[in-house]
Amino acid sequence: MTVREAINSAMEDEIRRDPKVFLIGEEVAQFDGSYKVSKGLWKKFGSGRIWDTPICESGFSGIGVGAAMYGLKPIVEFMTWNFAMQAIDQLVNSCAKACYMTAGDLNHCPIVFRGLNGPTAGAGAQHSQCFAAWYGSVPGLKVVSPWNCEDARGLLKSSIRDKNPVIFLESELMYSVPFEFDKSIMDPEFMLPIGKAKIERPGKDVTIVSYSKMVGVSLEAAKLLADQHKIDAEVINLRTIRPMDRKAIVDSVKKTNHIVSVEDGWPQSGIGSEISALMMEEAFDYLDSPHERITGADVPMPYSLPLEKAAIPQPHNVVNGVLKVLNKKK
């Protein structure tokens, strides 16, 4: 099963299960979605549950927020999170703050905003940004970023059932990637808890923390480290950006005494920066060397494919970061 199919199956399960759930966005119905993530849903559920909209992110996001405040459960698809900047007021100022600004009277806004996030392939600077740190800084939002099929299916179902607004950040480059999976994840009641990380690879020498597509890059790097340098790396898949599983990271560092974070977003004020703060606040005495951040280049994403590749972390960048924190020669 591919990640695209996992997301599709999760939406189908929840739309079938709960009559309050509906999908809204550009081309999600008759065209099956720009990236075919909603393929077949319009034919199964019709226009009452799968809504095509004009190209107006602020408009259909506002419809979704209003529907959620009245008790429905919208899934709002952005063709890309870059276009969601047209609707950021609806996300940050409307649904994220609704509970606080009504003193708890409006204690629910069950809405999921989902779509592709981060680098794609030759799409240029305006279509290749990672928004994990942007939305991860906002109180009132939950921010989820899956890697594989298990993540995508289990976390999306949990997000749809959550009473709070959830930002669901998908990677276009992962949509067509197939994963082996346990049949149990196809249970209609299978869900993964929001806010809990997963150790994808246990290890004892260094902790590598990542999310989304960079989890796969980190696992490739861990294999290179084991094969070429006899270094046993522990790889943590964050799964959730907010609330971040701080305990999982700290517990791992208590064991390994070294940490490297990997993300394809920009370095300043990024997810790695938050992890650095966590190390200072809760794990400083356990570190044998400073935390090393592996990030995307601090530039707008180049359109040129060779330059784009150079601007995104690759396995060798992670390997070099680990060797640095362990004071090993390259």
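See above for the structure.
Residues numbered from 1 in each chain as written. Predicted model: local features only at pLDDT ≥ 70, side-chain atom pairs only at ≥ 80, totals over all residues. Heavy atoms only, no water.

### Notes on the overall build of the protein chain
Here's step 1: Looking only at helices and strands, one finds 12 helices and 12 strands in the protein chain.
Here's step 2: By the compact-globule yardstick of 20 Å for 330 residues, the protein chain fits well, its C-alpha radius of gyration being 20 Å.
Here's step 3: Along the first, second and third principal axes, the C-alpha atoms of the protein chain reach 60 × 45 × 40 Å.
Here's step 4: A buried classification covers 56% of the 330 residues belonging to the protein chain.
Here's step 5: In the protein chain, 80% of the contacts between residues at least 6 apart in sequence involve partners at least 24 apart.
Here's step 6: One finds the centroid of the 37 positive side-chain charges in the protein chain at a distance of 3 Å from the centroid of its 40 negative side-chain charges. (Helix = DSSP H or I, 4+ residues; strand = E, 2+ residues; numbered from the N terminus. Rg over C-alpha atoms; globule rule 2.2 N^0.38 Å. Buried < 20%, exposed > 50% of the residue type's maximum accessible area, 1.4 Å probe, protein only. Contact = heavy atoms within 4.5 Å. Lys, Arg positive; Asp, Glu negative; His and termini not counted. Charge placed at Lys NZ, Arg CZ, Asp CG, Glu CD.)

### What to know about the pairing of strand 1 (residues 21–25)
Here's step 1: Extensive coverage of strand 1 is indicated by the burial of 5 of its 5 residues.
Here's step 2: Neither face of strand 1 is open: one carries V21, L23 and G25, the other F22 and I24, and all of them are buried.
Here's step 3: Across 5 bridges, the pairing between strand 1 and strand 3 (residues 73–78) is parallel. Its bridge partner lying in strand 3, I24 is registered against V76.
Here's step 4: Sheet topology places strand 1 next to strand 2 (residues 50–52); 3 bridges connect them, and they run parallel. Note that in strand 2 the partner of G25 across the bridge is D52. (Pairing = 2+ DSSP bridges.)

### Overview of the sheet that holds strand 11 (residues 259–262)
Here's step 1: Spatially, 7-9-8-11-12 is the arrangement adopted by the 5 strands of the open sheet, whose pairing is mixed. Whereas interior strands pair on both sides, the edge strands pair on one side only; in this sheet they are strand 7 (198–201) and strand 12 (292–294). Neighbour-to-neighbour, the strand axes of the sheet open up by a mean angle of 25°, direction not taken into account.
Here's step 2: The strands touched by helix 12 (residues 315–325) within the sheet are strand 8 (206–210), strand 11 and strand 12, with strand 12 carrying the most contacts at an inclination of about 175°. (Axes fitted to C-alpha atoms, helices over the stretch in contact; angles between N-to-C directions.)

### Observations regarding the pattern of salt bridges
Here's step 1: All told, the structure shown has 24 salt bridges when counted by the stated rule.
Here's step 2: One salt bridge in this structure joins R17 and E14, with 3.7 Å as the shortest N-O distance. Of the two residues, R17 and E14 both sit in helix 1 (residues 3–17), 3 residues apart, roughly one turn of that helix.
Here's step 3: Among the residues examined, R17 registers a relative accessible area of 43% and is labelled partly exposed.
Here's step 4: Assessed through its relative accessible area of 1%, E14 is described here as buried.
Here's step 5: A salt bridge links E281 to R246, with the nearest nitrogen and oxygen atoms 3.1 Å apart. With a gap of 35 residues between them, E281 in helix 10 (residues 271–283) and R246 in helix 9 (residues 246–256) connect regions that are remote in the sequence.
Here's step 6: Classification of R246 by relative accessible area gives partly exposed; the value is 26%. (Salt bridge = Lys/Arg side-chain N within 4 Å of Asp/Glu carboxyl O.)

### Digging into helix 8 (residues 213–229)
Here's step 1: The terminal C-alpha atoms of helix 8, which comprises 17 residues, lie 24 Å apart, in line with the 24 Å expected from a rise of 1.5 Å per residue.
Here's step 2: Its buried side turned inward, helix 8 meets strand 7, strand 8, strand 9 (233–237), strand 11 and helix 12.
Here's step 3: Immediately beyond the C-terminal end of helix 8, within one or two residues, lies K230, with a positive phi of roughly 55°. (Expected span 1.5 Å × (residues − 1).)

### Examining a nonpolar patch on the surface
Here's step 1: There is a patch of nonpolar side chains on the surface, built from M85, I88, W134 and W266 and spanning about 340 Å² of accessible area.
Here's step 2: Following the sequence through the fold, W266 ends up in the loop between strand 11 and helix 10.
Here's step 3: Among the residues examined, W266 registers a relative accessible area of 34% and is labelled partly exposed. (Patch = residues over 30% accessible without salt bridge, like charges linked within 9 Å, V, L, I, M, F, W, Y side chains within 5 Å. Areas by Shrake-Rupley, 256 points an atom, 1.4 Å probe, with all protein chains shown as cover.)

### Notes on the nonpolar core
Here's step 1: Of all hydrophobic cores here, the largest spans 44 residues; its most connected members are W81, F113 and Y135.
Here's step 2: With 5 residues, helix 10 is the single largest residue contributor to this core.
Here's step 3: Sequence-distant contacts of F113, that is, excluding residues within four places in its chain, are made with S61, V65, V76, F78, W81, L91, C95, V166, I167 and F168. (Core = buried A, V, L, I, M, F, W, Y, C linked by side-chain atoms within 4.5 Å.)

### Some details on the side chain of E292
Here's step 1: Residue position: E292 is located in strand 12.
Here's step 2: Residue E292 is classed as buried on the basis of its relative accessible area, which comes to 17%.
Here's step 3: Polar contacts involving the side chain of E292 include one to the side chain of K324, which spans 3.4 Å.
Here's step 4: For E292, the contacting residues outside a window of four places in its chain are I259, V260, S261, G321, K324 and V325. (Polar contact = N/O pair within 3.5 Å; in protein donor to acceptor, adjacent residues only side chain to side chain.)

### A look at the packing of helix 9 against helix 10
Here's step 1: Viewed as axis vectors pointing N to C, helix 9 and helix 10 meet at an angle of 65°, and their least axial separation amounts to 11 Å. The two elements helix 9 and helix 10 meet at a crossing, and its hand is right-handed. Seen from helix 9, the contacting residues are R246, I249, V250 and V253; seen from helix 10, they are E274, I275, L278, M279, E281, E282 and A283.
Here's step 2: Classifying every residue of the contact of helix 9 with helix 10 gives 7 nonpolar, no polar and 4 charged. (Left-handed = near helix turned anticlockwise from the far one by under 90°. Nonpolar A, V, L, I, M, F, W, Y, C, P; charged D, E, K, R; others polar.)

### Some details on the packing of helix 1 against helix 7 (residues 149–161)
Here's step 1: At a minimum axis separation of 8 Å, helix 1 and helix 7 run at an interaxial angle of 30°. Classified by the angle between their axes, helix 1 and helix 7 sit roughly parallel to one another. Every pair of crossing elements has a handedness; the one defined by helix 1 and helix 7 is right-handed. Here helix 1 contributes V3, A6, I7, S9, A10, M11, D13, E14 and R17 to the contact with helix 7, which in turn contributes C149, A152, R153, L156, K157, I160 and R161. (Parallel < 35°, antiparallel > 145°, perpendicular 65-115°, else oblique.)

Interpretation note: all reported values are geometric properties and have no functional meaning in isolation.
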